[in-house]
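# Residue-level structural notes
Residues per chain, in single letters:
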Amino acid sequence: MDKTISFIQPSRNNLKYLKWSYESIRKNLGYRHEICMADDFSDDGTWKWMQKIAEKDQNVKIHRNSGPTRLGHTILYDTLVKMASNDIVMIYHADMYAMPGLDDEILKHIKPGVVVSGTRIEPPLHPDGPEKVLQDFGIEPEEFDEDGLLDFCRTWVSNYKDITTNGIFAPWAIYKEDFLAIGGHDPLYAPQSKE
């Protein structure tokens, strides 16, 4: 497919997860997609790392909130969407792992006026919901069972390939034009990301 996605990733003091997430996008989806990252006044080396990545990876855009207080995901999502070069943007948390084929599935279903969400697979840390599958493949990047997750997904996808997960939560994609037309996120909910 010739369409590309701009992944939108704000982060605050979440460097080890952000590194892990970045690597998963590049490893499993390649270098054609743009990654827009924002550092929300972190003190864990996030900004220095982002600067190094942006020097090496021409498909990375970075933004920094230099403080003195955090802005929160709500505002930074909107800032990064405006910076994005691609027509399709994906709200993507800094601790998410990109599975092979995520981009192809999003691009297969996205069209103007439609929001498409990827099904999340996560450990049972939070209540179950219609937009996710509860499975534990590790919480920390150091204990992540990548082979187990990939095996699980191959089986899961083959068993449920024609079933759409109901509900929406990140990661979700929308046409940038549609996102801007509705005014982005409501700042009433800042600094949290919940709407």
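Structure: above.
Below is a summary of the structure that appears in this document. (Residues numbered from 1 in each chain as written. Predicted model: local features only at pLDDT ≥ 70, side-chain atom pairs only at ≥ 80, totals over all residues. Heavy atoms only, no water.)

Going through the model one piece at a time under the given rule, you end up with seven aromatic pairs. Note on Phe7 and Tyr92: the rings are 5.1 Å apart at their centroids and 90 degrees apart in plane angle, and the pair reads as edge-to-face. Placement of the pair is Phe7 in strand β1 (residues 5–11) and Tyr92 in the loop between β4 (88–91) and α4 (102–109), with a sequence separation of 85 residues. With a centroid separation of 4.8 Å and an interplanar angle of 55 degrees, the aromatic rings of Tyr97 and Phe144 are classed as tilted. With a gap of 47 residues between them, Tyr97 in the loop between β4 and α4 and Phe144 in the loop between β7 (132–134) and α5 (146–160) connect regions that are remote in the sequence. Like Tyr97, the residue Phe144 is buried in the burial classification. Site record: aromatic cluster; members linked through ring pairs are Trp20, Tyr97 and Phe144. (Phe/Tyr/Trp six-rings, centres within 6.5 Å; stacked < 30°, edge-to-face > 60°. Helix = DSSP H or I, 4+ residues; strand = E, 2+ residues; numbered from the N terminus. Buried < 20%, exposed > 50% of the residue type's maximum accessible area, 1.4 Å probe, protein only.)

Moving on: the pattern of salt bridges. One pass over the structure, following the stated rule, counts 13 salt bridges. The shortest N-O distance in the salt bridge between Arg26 and Asp57 comes to 2.7 Å. Here Asp57 lies in the loop between α2 (46–56) and β3 (60–65) and Arg26 lies in helix α1 (residues 15–29), a separation of 31 residues in the sequence. Note on Arg26: relative accessible area 4%, which makes it buried. Through salt bridges with shared partners, a single ionic network connects Arg120, Glu122, Glu131 and Lys132. (Salt bridge = Lys/Arg side-chain N within 4 Å of Asp/Glu carboxyl O.)

Moving on, we come to the side chain of Glu131. As for its placement among the helices and strands, Glu131 is situated in the loop between β6 (120–122) and β7. Looking at Glu131, the relative accessible area reads 12%, which means it is buried. A polar contact of 3.3 Å, which involves the side chain of Glu131, links it to the side chain of Arg120. Look past the residues within four positions of Glu131 in its chain and what remains in contact with it is Gly118, Thr119, Arg120, Thr165, Asn166, Gly167, Ile168 and Phe169. (Polar contact = N/O pair within 3.5 Å; in protein donor to acceptor, adjacent residues only side chain to side chain. Contact = heavy atoms within 4.5 Å.)

If you trace the six strands from one edge of the open sheet to the other, you get β3-β2-β1-β4-β8-β5, paired in mixed fashion. On the outer flanks of this sheet lie β3 and β5 (116–117), each paired with one strand and no other. Where β1 and strand β2 (residues 34–40) come together, six bridges link them in parallel fashion. Directly across from Ile8, in β2, lies its bridge partner Cys36. In the packing of α2 onto the sheet, contacts are made with β2 and β3, and the angle to β3 comes to roughly 155 degrees. Together, β1, β4, β5 and β8 (172–175) form the strand contacts of α4, whose direction differs from that of β1 by roughly 115 degrees. (Pairing = 2+ DSSP bridges. Axes fitted to C-alpha atoms, helices over the stretch in contact; angles between N-to-C directions.)

With that settled, the discussion passes to the environment of Ala38. Note that Ala38 resides in strand β2. Between the alpha carbons of Ala38 and Ser11 there is a distance of 6.0 Å; along the sequence they are 27 residues apart. If we ignore the near neighbours within four places in the chain, the residues touching Ala38 are Gln9, Pro10, Ser11, Met50, His63, Leu76 and Leu80.

So, on to a positive patch on the surface. On the surface, Lys19, Lys48, Lys52 and Lys56 cluster together into a positively charged patch. On the basis of relative accessibility, which here comes to 69%, the residue Lys56 falls in the exposed class. (Patch = residues over 30% accessible without salt bridge, like charges linked within 9 Å, V, L, I, M, F, W, Y side chains within 5 Å. Areas by Shrake-Rupley, 256 points an atom, 1.4 Å probe, with all protein chains shown as cover. Lys, Arg positive; Asp, Glu negative; His and termini not counted. Charge placed at Lys NZ, Arg CZ, Asp CG, Glu CD.)

It is worth spelling out the nonpolar core at this point. General note: in soluble globular proteins, nonpolar side chains tend to be found buried as a group. Of all hydrophobic cores here, the largest spans 41 residues; its most connected members are Phe7, Ile8, Met37, Trp49, Met90, Tyr92 and Leu102. Taken together, the elements giving at least two residues each to this core come down to β1, α1, β2, α2, α3 (73–83), β4, α4 and β8. Looking at this core, the element that brings in the most residues is α1, giving five residues. Apart from the residues within four sequence positions on either side, Met90 is in contact with Ile5, Ser6, Phe7, Ile8, Leu102, Ile106, Pro171, Trp172 and Ala173. (Core = buried A, V, L, I, M, F, W, Y, C linked by side-chain atoms within 4.5 Å.)

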